[in-house]
Amino acid sequence: MAEVTLSNVRKSYGAVDIIHGIDLGITDGEFVVLVGPSGCGKSTLLRMVAGLETITGGEVRIGGRVVNDLDPKDRDIAMVFQNYALYPHMTVATNMGFSLEHRGGSNAEIAERVKWAADILGLAPLLDRYPRQLSGGQRQRVAMGRAIVRDPKVFLFDEPLSNLDAKLRVVMRGEIKSLHQRLKTTTIYVTHDQVEAMTMADKIVVLNGGRVEQIGAPLDLYDRPANQFVAGFIGSPSMNFLNGTITPEGFSAPGILLPLPEAEHGHKDRKAVYGIRPEHFFLDENGVPAEIILVEPMGSETQVTMKLGETLATGVFRERVSLSPGATIRVRPDLGNIHLFAADGGQRLN
Ligand SMILES: Nc1ncnc2c1ncn2[C@@H]1O[C@H](COP(=O)(O)OP(=O)(O)OP(=O)(O)O)[C@@H](O)[C@H]1O
Ligand SMILES: [Mg+2]
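Reading the values: rules and limits
- Throughout this description, residue numbers start from 1 for each chain and increase along the sequence as written.
- Both sets of labels track the order of writing: A upward for chains, 1 upward for ligands.
- Local features in this predicted model are restricted to residues whose pLDDT is 70 or higher, and side-chain atom pairs enter the listing and the counts only when it is 80 or higher, whereas totals over whole chains, interfaces and linings include all residues.
- Hydrogens and waters are ignored; side-chain quantities use all the structure's heavy atoms.
- Between Lys or Arg on one side and Asp or Glu on the other, a salt bridge is scored when a side-chain nitrogen of the former is within 4 Å of a carboxyl oxygen of the latter.
- As used throughout, domain bounds are those supplied by an automatic or database domain assignment.
- Here the buried area means the combined drop in accessible surface, using a 1.4 Å probe, for two parts upon being joined, counting both sides.
- Residues enter a nonpolar core if they are buried and are Ala, Val, Leu, Ile, Met, Phe, Trp, Tyr or Cys, with the set joined through side-chain atoms within 4.5 Å.
- Exposure is judged per residue with a 1.4 Å probe applied to protein chains only, and the accessible area is read against the type maximum: over 50% gives exposed, under 20% gives buried, and values in between give partly exposed.
- Counting from the N terminus, the helices are the DSSP runs of H or I reaching at least four residues and the strands are the DSSP runs of E reaching at least two.
- Throughout, the term near means that a residue has one or more heavy atoms lying within 4 Å of the molecule or strand in question.
- Counting of polar contacts relies on pairs of N or O atoms within 3.5 Å, with two restrictions inside protein: one atom must be capable of donating a hydrogen and the other of accepting it, and residues adjacent in sequence are counted only when both atoms are side-chain atoms.
- The protein chains shown are the only cover counted for residues, whose accessible areas, like all others here, come from Shrake-Rupley with a 1.4 Å probe.
- Gly is placed with the polar residues, together with every amino acid not listed as nonpolar (Ala, Val, Leu, Ile, Met, Phe, Trp, Tyr, Cys and Pro) or charged (Asp, Glu, Lys and Arg).

1. Section: the pattern of salt bridges
Next, step 1: Going through the model one piece at a time under the given rule, you end up with 10 salt bridges.
Next, step 2: The residue Lys73 makes a salt bridge to Asp74 at a minimum N-O spacing of 3.7 Å.
Next, step 3: Overlapping salt bridges, with partners in common, bring together Lys11, Arg47 and Glu53 in one network.

Given below as structure tokens:
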């Protein structure tokens, strides 16, 4: 096991800068998730840690040792990719043991190691099968088996579940998490699925355009996003944003005046963005009017698309809302859960 430290890590392809200087400390045994929109540099960063991409600037340390110029095989890491390409002509057991053969262990040692990994992953009954005889989830498990037999210091995962259907993804998500709880191997996990990020991570790193937007525990990012980008990226359905002005009376958005906590009332008007998550509206006859656009009953809750003044917003209510589009409900924003961001630059104001 090992800690991983990135100091001012940069990457350029020719004249194009992709990663703009990233600092990140990962403690021994930590499960860190990198999230961010497509093209923000998640895979590039992971591949630099793995040694599959050169590092243009800065330093990557694994277990205290600078690895910038080390070959991937000398870094003591194991990587699981989105396309977990198994060797089709090899059985599950051979696929899992293959990487150990290069290390020169005896056949008995390799077999024992493969059996250990197969037991952990529930693959023991499948060891003699070929990849074509496995389901998608089983193949993904073999790919993880290939990684854990080597007992690496660090696991790197690049969107390992994105080829699986929704249901299997949820199952495998749980399996990877319990595998980590069992092995406690330092893990860097890339995904753009923010539910995966929330549920798996000890620490989330939100990337955007090759820069870190925020690093923190999942619920800290959820409860106190540092800026509008993180606020909009973490959470599903997304946080609602209304552009407007902080005034002495409250927050004035086009066609509506929204309540603000007393402390946030401005003495003079200030342009800002009002952020509120869908679950932080309550149905309340003394609330502000909202015209219903769409009602989506999910059983446990009801998702309502509504118009607050001139802005479309989403509300999620525990109560069943049976009104039709065109009707007006009254909703009250939870004053303890209002986020204010600068209109210019999106930094958190409160
Ligand atoms: N070999 C390359 N040459 C030039 N540009 C590249 C190369 N590889 C990646 N890039 C660029 O680097 C940026 C980051 O790519 P990267 O694959 O790291 O993104 P990502 O965050 O993993 O995206 P996704 O979520 O789509 O997988 C992209 O703009 C991409 O076009
Ligand atoms: Mg990628």
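2. A word on the domain arrangement of the chain
Next, step 1: When cut into domains, the chain gives domain 1 (4–233) and domain 2 (240–342).
Next, step 2: Taking only C-alpha atoms into account, the centre of domain 1 sits 39 Å from that of domain 2.
Next, step 3: For the pair domain 1 and domain 2, the two sides together bury roughly 640 Å², of which 55% comes from carbon and sulfur.
Next, step 4: The largest per-residue losses of area from domain 1 upon contact with domain 2 belong to Tyr222, Gln228 and Ala231, which jointly make up 73% of the total buried on that side.

3. Re the nonpolar core
Next, step 1: Among the nonpolar cores identified, the biggest contains 44 residues, and Val35, Met96, Ile176, Tyr189, Ile204 and Ile234 are the most heavily contacted of them.
Next, step 2: Counting 28 residues, the second-largest nonpolar core is a separate cluster that includes Val4, Val67, Ile77 and Leu156.

4. Focus: helix H1 (residues 42–50)
Next, step 1: Counting buried residues in H1 gives seven out of nine residues, a clear majority hidden from the surface.
Next, step 2: Burial in H1 covers these residues: Lys42, Thr44, Leu45, Leu46, Met48, Val49 and Ala50.
Next, step 3: Looking one or two residues past H1, Gly51 carries a phi angle of roughly 95°, positive in sign.

5. Some points on the site of ligand 1
Next, step 1: As a structural note, the neighbourhood of ligand 1 is formed by Tyr13, Ile18, Pro37, Ser38, Gly39, Cys40, Gly41, Lys42, Ser43, Thr44, Glu159 and His192.
Next, step 2: Here an oxygen atom of ligand 1 and a backbone polar atom of Gly41 are 3.0 Å apart.
Next, step 3: The side chain of Lys42 places a nitrogen or oxygen atom 2.7 Å from an oxygen atom of ligand 1.
Next, step 4: Contact with the protein chains hides 58% of the accessible area of ligand 1, taken as 640 Å² for the molecule alone.
Next, step 5: It is H1 that contributes the most residues to the shell around ligand 1, three residues altogether.
Next, step 6: Here the shell around ligand 1 is built from residues that sort into four nonpolar, six polar and two charged.

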